[in-house]
Amino acid sequence: VSREAAAKAVVVIEAIGAVIDANADELGRLDSIAGDGDHGIGMQRGAQAAVVEARRVAAAEAGVGTLLGLSGAAWADRAGGTSGALWGEILTTIGARLGDAEPPTAAALAEAVTQSAAAVTRYGGAKVGDKTLLDALVPFAEALTLAAASSPDSIRDAWAASVAPAEAAASATADLLPKVGRARPHLEKSLGTPDPGAVSMALIISAVANTL
Ligand code: ADP
Ligand code: MG
Ligand code: MG
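A few points on the structure. Computed from a predicted structure; not experimentally measured.

Let's talk about helix α2 (residues 39–59)
Logical step 1: Its 21 residues give α2 an end-to-end C-alpha distance of 30 Å, which sits within 8% of 30 Å, the value for a rise of 1.5 Å per residue.
Logical step 2: Buried residues dominate α2, accounting for 15 of its 21 residues.
Logical step 3: Directly after α2, the chain includes E61, whose backbone phi takes a positive value near 65°.

With respect to unusual backbone geometry
Excluding glycine, residues mostly carry a negative phi; peptide bonds, for their part, are mostly trans.
Logical step 1: Its identity as a non-glycine residue notwithstanding, E61 has a phi of 65°, on the positive side.
Logical step 2: Assignment of secondary structure puts E61 in the loop between α2 and α3 (64–79).
Logical step 3: With a phi angle near 70°, K131 is a residue other than glycine that sits in the positive phi range.
Logical step 4: By the element assignment, K131 lies in the loop between α5 (106–124) and α6 (134–150).
Logical step 5: Overall, the presence of 28 C-beta atoms within 10 Å leaves K131 in the buried class.

As for helix α1 (residues 3–34)
Counting along an α-helix, one turn takes 3.6 residues, and residues three or four places apart therefore face a common direction.
Logical step 1: In this model α1 runs 43 Å from its N-terminal to its C-terminal C-alpha over 32 residues, within 8% of the 46 Å that 1.5 Å per residue would give.
Logical step 2: Taking the largest bend as the criterion, α1 deviates by roughly 60°, centred on N23.

Examining the nonpolar core
Logical step 1: Among the nonpolar cores identified, the biggest contains 68 residues, and A9, L67, A136, L137, L144 and M201 are the most heavily contacted of them.
Logical step 2: Looking at this core, the elements with two or more residues in it are α1, α2, α3, α4 (81–98), α5, α6, α7 (155–172) and α9 (196–209).
Logical step 3: Of all the elements, α1 adds the most residues to this core, at 12 residues.
Logical step 4: Excluding its chain neighbours within four sequence positions, the residues that come into contact with L144 are A110, V113, A158, W159 and S162.

Analysis parameters
Residues numbered from 1 in each chain as written. Chains lettered and ligands numbered in written order. Predicted model: local features only at pLDDT ≥ 70, side-chain atom pairs only at ≥ 80, totals over all residues. Helix = DSSP H or I, 4+ residues; strand = E, 2+ residues; numbered from the N terminus. Expected span 1.5 Å × (residues − 1). Buried ≥ 20, exposed ≤ 12 C-beta atoms within 10 Å, placed from the backbone. Bend = angle between axes of the 7 residues up to and from the residue. Core = buried A, V, L, I, M, F, W, Y, C linked by C-beta atoms within 7 Å. Contact = placed C-beta atoms within 7 Å.

As structure tokens, then:
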């Protein structure tokens, strides 16, 4: 079991909790424009539960795969809402791909993130362009895959190179019309505002870059 990777994962999940806390009001405001306004509070509940679980699992000397799997389950359990279930899927899928035995490589992480986007697609039935968090996650996964090919030895460099594409893609959702979820009946209200789940995705991707 790679203890170092699990310790790093705790820091990553703590950073996710912190960036969500700092932006919870803004995420709620974005979700109130065409949704039900609970995206900030839901993400906060989920991320805080994940932080508690990550610390507990790391103290029990588990590996990064187990840690991410259990943290994802705690997130989905406590968050409620669509995004909570999807973030649970994302973390458990990444954990399953990384496993406990080896320290993750950039290539393994890129594959894990790509698989998490596939899991979200399976679970939620949305596709790119439907104005969901997939509109940030898929471009991020693609950028990370390319960056991992040129920086195979550095997760930090590969991730850092993929932050700007994710942020640009999240901002660009302002021009999209929602095809799924609670924003679907509010087409015209949503236009001009980015998707809250895509915005929180980009915030998390950017915050994680600072921990790697
Ligand atoms: P809820 O919509 O249940 O209130 P949240 O407000 O926490 O949950 O999350 C809303 C976000 O969830 C949306 O902004 C969007 O990014 C994401 N979302 C909703 N439905 C889907 C789906 N089918 N696939 C992917 N993401 C989705
Ligand atoms: Mg909502
Ligand atoms: Mg809701």
